[in-house]
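Coordinates in review
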Amino acid sequence: MSEGARLILGIETSCDECSASVVERNGNGELRALSVSTFSQIAIHQPYGGVVPEIASRNHLETVNAMVDDALRDSGKNWAELDALAVTNRPGLVGALLVGVSAAKALAYVHEKPLIAVHHLEGHLASLFLDQPEASQIEYPLLLALVSGGHTNLYVIPGPPDTWGPDLLAQAQVGRSRDDAAGEAFDKTAKLMGFPYPGGIWIDRRSQGGDPKRYAFPRALPEKKVLDFSFSGLKTAVALEIQKLQKKDMLDAEIPHLCASIQEAIIDALMGKIELAAAKHRCRSLAFVGGVAANSRLRARLAENRRPCFFPKSQYCTDNAAMIAAAGAFQFQQGRILSRQQMLTLNAVANPSI
Ligand code: KG4
Ligand code: ZN
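Residues numbered from 1 in each chain as written. Chains lettered and ligands numbered in written order. Predicted model: local features only at pLDDT ≥ 70, side-chain atom pairs only at ≥ 80, totals over all residues. Heavy atoms only, no water.

1. Quick notes on the nonpolar core
Counting residues in hydrophobic clusters, the biggest one holds 44 residues, and the most contacted among them are Leu 143, Met 193, Ile 266 and Phe 288. Mapped by element, the contributors of at least two residues to this core are β6 (142–147), β7 (152–157), α6 (182–192), α8 (232–247), α9 (251–280), β9 (285–289) and α10 (296–303). Of the residues forming this core, the biggest block, 14 residues, is contributed by α9. Ala 86, Ile 138, Tyr 140 and Trp 164 belong to the second-largest nonpolar core, a separate cluster that totals 39 residues. (Core = buried A, V, L, I, M, F, W, Y, C linked by side-chain atoms within 4.5 Å. Buried < 20%, exposed > 50% of the residue type's maximum accessible area, 1.4 Å probe, protein only. Helix = DSSP H or I, 4+ residues; strand = E, 2+ residues; numbered from the N terminus.)

As structure tokens, this is what we get:
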């Protein structure tokens, strides 16, 4: 290993992915995932149409140790070689978070390793730098859109990871969704069309060949001074359109056009506010993180943007432990590790202030 290289084992259990990963930060500050081991609970929650918190925590309990063992084995490293453990402790489903936090505390204690508590959203931000040497070309200020199943937040990130402080996201936030998140809008409208949970990927796939202008769904909060989003009206408009199509027995034939139009409405709403925020805060590049950043139409539209635009590798868009280890590596570099007392009393927090 080169001088200054660090090895961090990350653990993520905040929602329905149970994941562990070993990430190396080399002497140049580049991050490389040596292993990622994830058990997705999507199939378990699918019959309920969404995540059932109690089932999620029980399943994390059954799988977390196996994920850690697999990640360490696949990385080719051993406990003695690790510099620290990083775990998501906020925000998320509290019972699910507690499983990862308890496992990480026990492992850090037994193997005498420092423990780092990671904010899940900082993990999504850090995912931009995983296995991507080109992330060093990001110019700041960076307009970051975090678009996931639980959040649609805009941040102005002032500088590179080594300058990030503990309250980075709280200080950097300039916009948010006032109701449903963008991913939630995808999931809820997909459910109305009969697609399984989570529906974003289905809308993405089934929109191929569809006409994005066929249905004029609402783009809410058009006021130029507002940098917030609202997606709840879209769901109602789509439900009404589906009812009309069902009455005419035309729903099946219209699915690609419905999907393309829904997707366009969500992306237009996102892009409108992103352009306003980037201009207002004089941002020099754009970045998208979170599950919705995997959307193929969003990526195609951004390819035409005049500002350089950055995405995480698609395997790091949805929840995973590599991004938690990556955020942990940045914190470790800055000495932001828990004291022994803080480690022993570390708790899961469902809704921190950011
Ligand atoms: O970041 P993530 O894994 O979990 C949260 O922290 O919420 O994001 C999951 C969200 C879901 O709403 C899912 O439907 C959406 O990301 N998603 C997509 C695509 N892939 C995942 N939405 C649109 N297009 C996609 N290709
Ligand atoms: Zn997430």
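2. Examining the sheet that holds β7
Strand order across the open sheet formed by five strands is β8-β7-β6-β9-β10, with mixed pairing between neighbours. Two strands in the sheet have a free side with no partner beyond their single neighbour: β8 (173–176) and β10 (309–310). With six bridges joining them, β6 and β7 adopt antiparallel strand pairing. Directly across from Leu 146, in β7, lies its bridge partner Asn 153. (Pairing = 2+ DSSP bridges.)

3. Quick notes on empty space enclosed by the protein
All chains considered together, the criterion is met by one cavity of 30 Å³ or more. Roughly 30 Å³ of volume is contained in the largest cavity. Glu 122, Pro 161, Trp 164, Ala 327, Phe 330, Gln 331 and Arg 336 together form the lining of the largest cavity. With three residues, helix α11 (residues 321–333) is the largest single contributor of residues to the lining of the largest cavity. Considering only residue class, the lining of the largest cavity consists of four nonpolar, one polar and two charged. (1 Å grid on protein atoms, 1.4 Å probe; cavity = no way out; pocket = protein on both sides within 12 Å on 5 of 7 lines; lining within 4 Å. Points joined across faces, edges and corners; volume = space filled by probe spheres on them. Nonpolar A, V, L, I, M, F, W, Y, C, P; charged D, E, K, R; others polar.)

4. A closer look at the coordination of the zinc ion (ligand 2)
Taken together, the protein donors to the zinc ion (ligand 2) comprise His 120 (NE2), His 124 (NE2) and Asp 319 (OD), at separations of 2.1 to 2.2 Å. Mapped onto the sequence, the donors of the zinc ion (ligand 2) take the spacing H-x3-H-x194-D. Here His 124, found in helix α4 (residues 120–126), pairs with Asp 319, found in the loop between β10 and α11; they are 195 residues apart in sequence, far enough to count as distant. For His 124, a relative accessible area of 2% puts it in the buried group. (Donors = N, O, S within 2.8 Å, 3.2 Å for Na, K, Ca; no water.)

Purely spatial values, then, with no claim about function.
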